[in-house]
Amino acid sequence: MSVTEQAAGAPGAAPADLASAARDHLWMHFARMGAYQDHPAPVVVRGEGAHLWDSTGRRVLDGLSGLFVVQVGHGRAELAEVMAEQARQLAFFPVWGYATEPAIRLAERLASYAPGDLNRVFFTTGGGEAVESAWKLAKQFFKLTGKPLKHKVISRATAYHGTPQGALAITGLPAMKQAFEPLTPGGFRVPNTNIFRAERMGAPTDPVEFGRWAADRIEEAILFEGPDTVAAVFLEPVQNSGGCLTPPPGYFQRVREICDRHDVLLVSDEVICGFGRHGTMFACEKFGYQPDVITCAKGMSSGYGPIGAMIASDRLMEPFLEGGTTFPHGYTFAGHPVSAAVSLANLDIFEREGLNQHVLDNEAALGATLRRLLDLDIVGDVRGDGYFWAVELVKDKSTGETFGPEERETLIKQFLPRALFANGLYARPDDRGDPVVQVAPALTCGQAEFDEMEDVLRRTLVQASRLV
């Protein structure tokens, strides 16, 4: 029996050889590789429903759906069977001037879910590529329609939109960009919608007034840069980085008015928020606004195959239907037949099991369960929507004072990731904004999983409070 077979098949199997191979050969993403010289990386070998098992046999609640991805849960045999059947029939063919049945059917399905006239689906291999595609589309669209200076993008402070050079330029996280600068020019930032920190931003604290204030900062940026130079505004329905920042009342409606007034495209970045995370297929529907483009990925296949998409309006497609015009952009594996086929089957599960309604029925219970943690001195705020929540950690609960760099290093980088996993929960400690722990369980979860999540968070945060 090979080491891999032993580790995957036998709970409690020694992971030493796997950990050694990971240390010596696997370059993990967003990871401090030096940390694994003395502490072996956890090796996840199996998933079933909302739970994972590592190579030591430890059972862990997947409180993050992998990475906001596995909407229908792990280990769905029917999805594996769909993948195998598609691979037997046609494992690969590109959509570069040709079509495959799975890609056609999935494009048709996505268009049926998307609001308004968003009927044109351009496949990618993931979310960052979808964002990259949307910016390139915006630039070329305005060149084709006689406004060649419109190329700039407005996005929000601390927002994450991907790692390609263009998507990274849209991202509002300076520390993530410094190693790769200079980036694609044209990205500009405005304040985000973290009402918990409204006073620090010099903003009103009334939710309606705060929403108007935050939206007006977008118009201010457009006017400052010049409306004839701004192509698009990229916004997540609920902003991920910074800790599940929800839109205030009226915010998106005001943003839509501003974009219309200045002929600026509104891009709804739903890489995380799409496919049921907020109880609707696309979150723009829940929050009541009509975008010009949706970018999506992750939950489209529940992670059973890598896939993403840019969904554009018929208006944006019009100049590309004339003469010999081409959108000179694409990805080899975009619209991959196996990924497209499993995405269709994944969406069948959504409809058959009523997962969107399940989220709407249970989001209040998830929020209420997590808000129990507000009795801890280290917890300053609990916020979110749907199955996407953040617990913000504070140094002083009475003033909202946050932790300093050394304390963040101890909490977020060193202690919490290992401690949460050891205590039985995979979640996401993050300090790209203020320090938070994010959770985003599979859409199949209910009160039992919510209680399990809260219990591990409570025990771990009590431990953490003794360190700082």
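Since the structure is predicted, the reported quantities are computational estimates derived from the model, not experimental observations.

What counts, and at which threshold
- Residues numbered from 1 in each chain as written.
- Predicted model: local features only at pLDDT ≥ 70, side-chain atom pairs only at ≥ 80, totals over all residues.
- Heavy atoms only, no water.
- Helix = DSSP H or I, 4+ residues; strand = E, 2+ residues; numbered from the N terminus.
- Buried < 20%, exposed > 50% of the residue type's maximum accessible area, 1.4 Å probe, protein only.
- Polar contact = N/O pair within 3.5 Å; in protein donor to acceptor, adjacent residues only side chain to side chain.
- Contact = heavy atoms within 4.5 Å.
- pLDDT = per-residue confidence, 0-100.
- Pairing = 2+ DSSP bridges.
- Axes fitted to C-alpha atoms, helices over the stretch in contact; angles between N-to-C directions.
- Expected span 1.5 Å × (residues − 1).
- Salt bridge = Lys/Arg side-chain N within 4 Å of Asp/Glu carboxyl O.
- Core = buried A, V, L, I, M, F, W, Y, C linked by side-chain atoms within 4.5 Å.

Draft legend 1. Looking closely at the side chain of Arg 217. Here Arg 217 shows up in helix 9 (residues 207–225). For Arg 217, a relative accessible area of 19% corresponds to the buried category. Side-chain polar atoms of Arg 217 contact the backbone oxygen of Trp 213, separated by 3.0 Å. Once you skip the residues sitting within four places of it in the chain, Arg 217 turns out to touch Val 190 and Pro 191.

Draft legend 2. The confidence of the model for the protein, seen in detail. Mean pLDDT over the protein: 95, with 97% of residues reaching 70 or higher. The low-confidence segment residues 1–14 (pLDDT under 50) makes 17 contacts with residues lying over four places distant or belonging to another chain.

Draft legend 3. Fine view of the sheet that holds strand 9 (residues 293–296). The strand order 4-10-9-8-7-5-6 describes an open sheet built from seven strands, whose pairing is mixed. Only two strands of the sheet have a single partner each, and these edge strands are strand 4 (118–124) and strand 6 (187–190). Direction aside, neighbouring strands of the sheet carry axes that sit 25 degrees apart on average. Pairing geometry for strand 5 (residues 152–156) and strand 7 (residues 230–235), over three bridges, is parallel. Among the inter-strand pairings, Val 153 is bridged to a residue of strand 7, identified as Ala 232. Contacting strand 4 and strand 10 (308–313), helix 5 (residues 101–113) crosses the sheet at an angle of about 135 degrees to strand 4.

Draft legend 4. View of the pairing of strand 10. Within strand 10, six of the six residues are buried, leaving the element largely enclosed by the surrounding structure. With burial as the criterion, each face of strand 10 is covered, one bearing Gly 308, Met 310 and Ala 312 and the other bearing Ala 309, Ile 311 and Ser 313. Where strand 4 lies against strand 10, six bridges are found, and the strand directions are antiparallel. Bridging from a neighbouring strand, Phe 123 pairs with Ala 309 of strand 10. Across four bridges, strand 9 lies against strand 10 in antiparallel orientation.

Draft legend 5. Just helix 5, in detail. Taking 1.5 Å per residue, 13 residues should reach 18 Å; helix 5 reaches 19 Å between its end C-alpha atoms and fits that length. If you check which residues of helix 5 are buried, you get Pro 102, Ala 103, Leu 106, Ala 107, Arg 109, Leu 110, Ala 111 and Tyr 113.

Draft legend 6. Spatial organisation of the sheet that holds strand 12 (residues 388–393). Read from one edge of the open sheet, four strands run 11-12-15-14, paired in antiparallel fashion. Strand pairing shows two members of the sheet lacking a second neighbour, strand 11 (379–385) and strand 14 (428–430), which therefore form its edges. Within the sheet, the average angular offset between the axes of one strand and its neighbour, ignoring direction, is 20 degrees. Pairing of strand 12 with strand 15 (residues 436–439), which is carried by four bridges, proceeds in the antiparallel orientation. Bridge pairing in strand 15 links Val 391 to Val 437. Here helix 14 (residues 355–371) sits on the sheet and contacts strand 11, strand 12 and strand 15; the angle it forms with strand 12, its principal contact strand, is near 15 degrees. Contacting strand 11, strand 12 and strand 15, helix 16 (residues 447–465) crosses the sheet at an angle of about 165 degrees to strand 15.

Draft legend 7. Local environment of the pattern of salt bridges. On inspection of all chains with the given rule, the structure shows 40 salt bridges. With a shortest N-O distance of 2.8 Å, Lys 152 and Glu 225 are connected by a salt bridge. Placement of Lys 152 in strand 5 and of Glu 225 in helix 9 is noted, with a sequence separation of 73 residues between them. Classification of Lys 152 by relative accessible area gives buried; the value is 13%. Each of Arg 197, Arg 200, Asp 381, Arg 383, Glu 392, Arg 408 and Asp 434 takes part in a single network of salt bridges with overlapping partners.

Draft legend 8. Broad picture of the nonpolar core. Counting residues in hydrophobic clusters, the biggest one holds 98 residues, and the most contacted among them are Leu 110, Phe 123, Phe 282 and Leu 393. In terms of nonpolar packing, the next biggest core, distinct from the first, is built from 26 residues, Ala 167, Ala 231, Val 293 and Ala 312 among them.

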